[in-house]
Amino acid sequence: MTEETITLITGANRGMGFELALELGQKGQRIIIGARNVKKGQAAVEKLAGQGVSAALVQLDVTDQASIAAAVKQLKQDCGRLDILINNACAAFGSRTKPSKVSQDTLHQNMSINYFGLIAVTQAMLPLLRKSASAKIINISSMMGSMTAALTPGSEVYKASVVGYQAAKSAANMFTIQLAKELQQEKAMISVNAIDPGMVATTFGGVPAFVSKQMGGKPVAEGVARTVALALAPDNATTATFSNTQGVVGW
Ligand SMILES: NC(=O)c1ccc[n+]([C@@H]2O[C@H](COP(=O)([O-])OP(=O)(O)OC[C@H]3O[C@@H](n4cnc5c(N)ncnc54)[C@H](OP(=O)(O)O)[C@@H]3O)[C@@H](O)[C@H]2O)c1
């Protein structure tokens, strides 16, 4: 009998994180929902149970070292290892601020969750991931963090300017590359990849999902498709890539 795959998804109480929990749970993975708010996390666990998926909950605020340490302790006790870490939690601040005017506070807020938080969770979970025979770290990125796309007239993000959020996603992309190379060099069986879900109709950025949909946001199932494919892939050779459902995209 093959071992079950133990998967932690950060920011999984709603949006694409919730959809990932649902779809990967339906495929038989043992799901641990990370949620900064326990009540919201419990509500998500109940909603998943109503759809046939039994998930566990861990309180996890990616910007809070004590919360991360407690989550590691809980996972160590309950699971003993981790096979997949999906760094999905996010927030964007300062959406209409020009680069020439963006405040230090806005930059720090964006970096805190989307960059420092992602790294803090990843580093803390690495000892558990190292216990897996074949582990995957999947960082949910965005074309908003692609410098190639930002410089390509006609690309979906060419006209976008949310420098704090974009820079944090670019920085997380660089972390993805560097960690992937480090783990590859030491022959650790851990892949590290970044994924662009595309524009998806969640409530991201405080925009109601129906408004996001009117603006062209895709259904959440389409947004998570590439992540689900990577999480389910039996072969774990792919590392240091940035991709979406169309294939590899420019960093
Ligand atoms: N939606 C899009 O169009 C789009 C496009 C490209 C990339 N992405 C990326 O896709 C991923 C998922 O986006 P989404 O649209 O599903 O976002 P979302 O609906 O806004 O959900 C964000 C999740 O992150 C959680 N979160 C926020 N701050 C946190 C913290 N400090 N610690 C832990 N969790 C925290 C939220 O929890 P609370 O409920 O407690 O706030 C929520 O569960 C993100 O990485 C995003 O950057 C999204």
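Since the model is a prediction, treat every value here as computed from it, not as a measurement.

Rules of the game
Residues numbered from 1 in each chain as written. Predicted model: local features only at pLDDT ≥ 70, side-chain atom pairs only at ≥ 80, totals over all residues. Heavy atoms only, no water. Helix = DSSP H or I, 4+ residues; strand = E, 2+ residues; numbered from the N terminus. Buried < 20%, exposed > 50% of the residue type's maximum accessible area, 1.4 Å probe, protein only. Polar contact = N/O pair within 3.5 Å; in protein donor to acceptor, adjacent residues only side chain to side chain. Contact = heavy atoms within 4.5 Å. Salt bridge = Lys/Arg side-chain N within 4 Å of Asp/Glu carboxyl O. pLDDT = per-residue confidence, 0-100. Pairing = 2+ DSSP bridges. Axes fitted to C-alpha atoms, helices over the stretch in contact; angles between N-to-C directions. Near = heavy atom within 4 Å. Areas by Shrake-Rupley, 256 points an atom, 1.4 Å probe, with all protein chains shown as cover. Nonpolar A, V, L, I, M, F, W, Y, C, P; charged D, E, K, R; others polar.

Some words on the side chain of N193
Piece 1. Position of N193 relative to the elements: it lies in strand 6 (residues 190-195).
Piece 2. You can call N193 buried: its relative accessible area is 1%.
Piece 3. One polar contact links the side chain of N193 to the main-chain carbonyl oxygen of T238, over a distance of 2.8 Å.
Piece 4. With residues near it in sequence (within four places) discarded, N193 still touches I137, I138, N139, T176, L230, T238, T239, A240 and T241.

Brief notes about the pattern of salt bridges
Piece 1. Going through the model one piece at a time under the given rule, you end up with four salt bridges.
Piece 2. Between E4 and R30 there is a salt bridge whose closest N-O contact spans 3.0 Å. Of this pair, E4 sits in the segment before strand 1 (6-9) while R30 sits in strand 2 (residues 30-35), placing them 26 residues apart in sequence.
Piece 3. Close ionic contact of E186 with R130 constitutes a salt bridge, the shortest N to O distance being 2.4 Å.

Observations concerning the confidence of the model for the chain
Piece 1. On average, residues of the chain score 96 in pLDDT, and 99% of them reach the 70 mark or higher.
Piece 2. Ranking the elements of the chain by mean pLDDT puts helix 7 (residues 209-214) last with 86 and strand 4 (residues 84-87) first with 99.

Considerations on the sheet that holds strand 6
Piece 1. Pairing is mixed across the open sheet formed by eight strands, whose spatial order is 3-2-1-4-5-6-7-8. The open sheet has two free edges, formed respectively by strand 3 (55-59) and strand 8 (247-248), since each of these has just one partner strand.
Piece 2. Bridge count for strand 1 against strand 2 is four bridges, and the pairing is parallel. Note on strand 2: the bridge partner recorded for T7 is I31.
Piece 3. In the packing of helix 2 (residues 38-50) onto the sheet, the strands contacted are strand 2 and strand 3, and the crossing angle to strand 3 comes to about 170 degrees.

Digging into the site of the ligand
Piece 1. Surveying the vicinity of the ligand reveals 26 residues, the closest of which are R14, M16, R36, Y165 and T202.
Piece 2. A distance of 2.9 Å separates an oxygen atom of the ligand from a polar backbone atom of N88.
Piece 3. The separation between an oxygen atom of the ligand and a polar main-chain atom of C90 is 3.4 Å.
Piece 4. Within the complex, 96% of the 910 Å² of free accessible area of the ligand lies under protein.
Piece 5. Among the secondary structure elements, those contributing two or more residues to the shell around the ligand are helix 1 (15-26) and helix 6 (163-185).
Piece 6. Among the residues making up the shell around the ligand, the classes are represented as 12 nonpolar, nine polar and five charged.

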